[in-house]
Amino acid sequence: MKRNNNKGFTLAELLIVVAIIAVLVAIAIPVFTSQLEKSRESTDMANVRSAYATVVTQLLEDGSGHSATVPAQQKQVGWQTSGGGNLELMSEGGASNYSYSAKASGDYTVSVDTSGNVTVN
């Protein structure tokens, strides 16, 4: 009696595996891009906070107004995550929030004048 020793996968089995992988990739790409945009937003928020700290420090050191330019990292206009562009400002023992719009390109300019007024454009 002759024994067949066929090892391997059939074409149908390979096509099913490829189809399952394609579905998983189709689901993963939008999730990945949204997470990537959220990380860019977080980077912009951190950079603006850092620029704010820099200009306030310069104001306290020499008493004159200063500004700092921060390049935008986001690729989409508007905040995709909750909270948006809010900068918490501390002045004279109190805290207040300053909101600003997300940019898809260009720079944020953080300015402080001699009165301590902060603007983010």
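The coordinates are above.
Rules behind the numbers
- Residues numbered from 1 in each chain as written.
- Predicted model: local features only at pLDDT ≥ 70, side-chain atom pairs only at ≥ 80, totals over all residues.
- Heavy atoms only, no water.
- Helix = DSSP H or I, 4+ residues; strand = E, 2+ residues; numbered from the N terminus.
- Rg over C-alpha atoms; globule rule 2.2 N^0.38 Å.
- Buried < 20%, exposed > 50% of the residue type's maximum accessible area, 1.4 Å probe, protein only.
- Pairing = 2+ DSSP bridges.
- Axes fitted to C-alpha atoms, helices over the stretch in contact; angles between N-to-C directions.
- Salt bridge = Lys/Arg side-chain N within 4 Å of Asp/Glu carboxyl O.
- Phe/Tyr/Trp six-rings, centres within 6.5 Å; stacked < 30°, edge-to-face > 60°.
- Core = buried A, V, L, I, M, F, W, Y, C linked by side-chain atoms within 4.5 Å.
- Contact = heavy atoms within 4.5 Å.
- Patch = residues over 30% accessible without salt bridge, like charges linked within 9 Å, V, L, I, M, F, W, Y side chains within 5 Å.
- Areas by Shrake-Rupley, 256 points an atom, 1.4 Å probe, with all protein chains shown as cover.

A. Quick look at the overall build of the protein. Along the backbone of the protein there are one helix and five strands. Along the protein, from the amino end to the carboxyl end, the secondary structure elements read α-β-β-β-β-β. By the compact-globule yardstick of 14 Å for 121 residues, the protein is too spread out, its C-alpha radius of gyration being 26 Å. C-alpha extents for the protein along the principal axes are approximately 100 × 30 × 20 Å. The buried share of the protein, taken over its 121 residues, is 21%.

B. Spatial organisation of the sheet that holds strand β1 (residues 66-71). Read from one edge of the open sheet, three strands run β1-β4-β5, paired in antiparallel fashion. A strand with exactly one partner marks an edge of an open sheet, and here the two such strands are β1 and β5 (118-120). Looking at each pair of strands side by side, their axes are set apart by 15 degrees on average, direction ignored. Note that β1 and strand β4 (residues 107-112) share six bridges and pair antiparallel.

C. Up close: the pattern of salt bridges. Under the defined criterion, the tally for this structure stands at one salt bridge. Between R40 and E37 there is a salt bridge whose closest N-O contact spans 3.6 Å. Within this pair, R40 and its partner E37 are both found in helix α1 (residues 11-62), separated by three residues, close to a single helical turn. Under the relative-accessibility criterion, E37 is labelled buried at 3%.

D. Spotlight on the packing of aromatic side chains. Under the definition given, this model contains one aromatic pair. Between Y100 and Y108, the aromatic rings sit 5.7 Å apart at their centres with planes inclined by 80 degrees, giving edge-to-face as the arrangement.

E. Up close: the nonpolar core. Counting 19 residues, the largest nonpolar core has V48, L87, Y100, Y108, V110 and V120 as its most contacted members. For this core, the elements supplying multiple residues, two or more each, are α1, β1, β2 (85-91), β4 and β5. Here V48 is in contact with V70, L87, Y100, Y108, V110 and V120, once residues within four sequence places are set aside.

F. How the structure looks around a nonpolar patch on the surface. On the surface, V17, I21, V25 and I29 cluster together to form a nonpolar patch covering roughly 340 Å² of accessible area. Mapping I29 onto the fold places it in helix α1.

G. Seen up close, the environment of G63. Relative to the elements of secondary structure, G63 occurs in the loop between α1 and β1. For G63, a relative accessible area of 44% corresponds to the partly exposed category. Taking C-alpha positions, G63 is 19 Å from S50, a pair spaced 13 residues apart along the chain. Setting aside anything within four residues of it in sequence, one finds G63 in contact with Q58 and T114.

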